[in-house]
Amino acid sequence: MSTPEPWTRWLSLKIKILTIFPEMFDSVLNASILGRAREQGLLEVTCVDIRPFSDRKHKNTDDYPFGGGAGMVMLAQPILAAMAAATGEHFRGKRIYLGPRGTRLTTDKARELAQEEELVLLCGHYEGVDQRALDTCIDEEISIGDYILTGGELAAMVLTDCVSRFIPGVLGSSESPEEESFSDGLLEYPQYTRPREINGMEVPEVLLSGDHAKIRAWRRQESLRATLRFRPDLLATASLTDKERRLLDTMREEMDTPCSPEN
Ligand code: 21W
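Note that the structure is predicted; figures quoted are calculated from it, not measured.

Cut-offs applied
- Residues numbered from 1 in each chain as written.
- Predicted model: local features only at pLDDT ≥ 70, side-chain atom pairs only at ≥ 80, totals over all residues.
- Heavy atoms only, no water.
- 1 Å grid on protein atoms, 1.4 Å probe; cavity = no way out; pocket = protein on both sides within 12 Å on 5 of 7 lines; lining within 4 Å.
- Points joined across faces, edges and corners; volume = space filled by probe spheres on them.
- Helix = DSSP H or I, 4+ residues; strand = E, 2+ residues; numbered from the N terminus.
- Contact = heavy atoms within 4.5 Å.
- Salt bridge = Lys/Arg side-chain N within 4 Å of Asp/Glu carboxyl O.
- Buried < 20%, exposed > 50% of the residue type's maximum accessible area, 1.4 Å probe, protein only.
- Domains from an automatic or database assignment.

Novice: Teacher, can you tell me more about empty space enclosed by the protein here?
Specialist: Left-over empty space is what a probe sized like a water molecule reveals as it rolls over the atoms. Tallied over the entire structure, the rule returns one cavity of 30 Å³ or more. Of the volumes computed, that of the largest cavity is approximately 40 Å³. Forming the boundary of the largest cavity are M24, H125, L149, T150, G151, E153 and L154.

Novice: What is the right way to read the environment of R252 from this model?
Specialist: Note on placement: R252 falls in helix α8 (residues 242–256). The spacing of R252 and R229 is 23 residues in sequence and 9.1 Å in space, taken between C-alpha atoms. Those residues in contact with R252, other than ones at most four positions away along the chain, are L228 and L235.

Novice: Where do I start with the pattern of salt bridges in this structure?
Specialist: Oppositely charged side chains can pair when the atoms bearing their charge come close. Under the definition given, this model contains 18 salt bridges. Between R56 and D63 there is a salt bridge; the shortest N-O distance is 2.9 Å. On the accessibility criterion, R56 (32% relative accessible area) is partly exposed. It is possible to trace a salt-bridge network through shared partners that takes in K94, K109, E112, E116 and E140.

Novice: How do you make sense of the domain arrangement of the protein chain when you look at a structure like this?
Specialist: Accessible area lost when the parts come together is the quantity often used to give the size of an interface. Here the domain parsing of the protein chain yields domain 1 (10–164) and domain 2 (197–256). When each unit is reduced to the centre of its C-alpha atoms, the spacing between domain 1 and domain 2 is 40 Å.

Rendered as structure tokens:
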């Protein structure tokens, strides 16, 4: 057993997920980094099944939309009751609805949500949720991107995963949530591990040199190259030195030059 880091006691995030499909969450929350974070008590995630809160005879959670149209709408009553049970009397946190019209989830938003004591995530399913439930028990509506899912459950898992990385101690002590793609506005550099050669492909020599200044410079250069190639839009807002901007100009010229025996 390793010695616990000093922060294991004083910061933890509680997340309650309101859903009609609690079983969808089991494998995701128990595996890998999230599973470890929960074992360490850094993250407390519980799923609240909405269905038992329904006061209808067959515990229905949805009904036909007033005004007609395709699909079903989730009932306000079981959601309001489940939310009341999840928040109790002295709730101090944020109640979030995962929905396609919400504001887009970003790294900044995830960092901000990790500062909360408690989050309640409401997952809709089918064609959505009775607006009166959203109006009275939701603080914020969040979407994970411009594509249509079948429900909010996968979005709640994405949000839980990406918020958890900002809880101190969740990542190993050598990893930082700020050193990843997007945090400094650039994409990540390519990585290599053993063996040194596979199918005739070698690991870039500099990574074997042991010269850490040279390795850092190479990685920065390759981050710039990857960003130029895959997400050139990010370069407009990345903080770059004049030297780096000149390097990018050279890379752009190389990209525009077709490969031929003459050049
Ligand atoms: C899809 C719910 C479409 C509602 C009014 C008139 C949560 C999501 C979801 C879903 C509709 C997220 C309608 C990105 C997503 C989610 C299911 C709209 C049709 N309403 N982030 N017609 N994309 N999706 N219903 O889909 O719950 S976060």
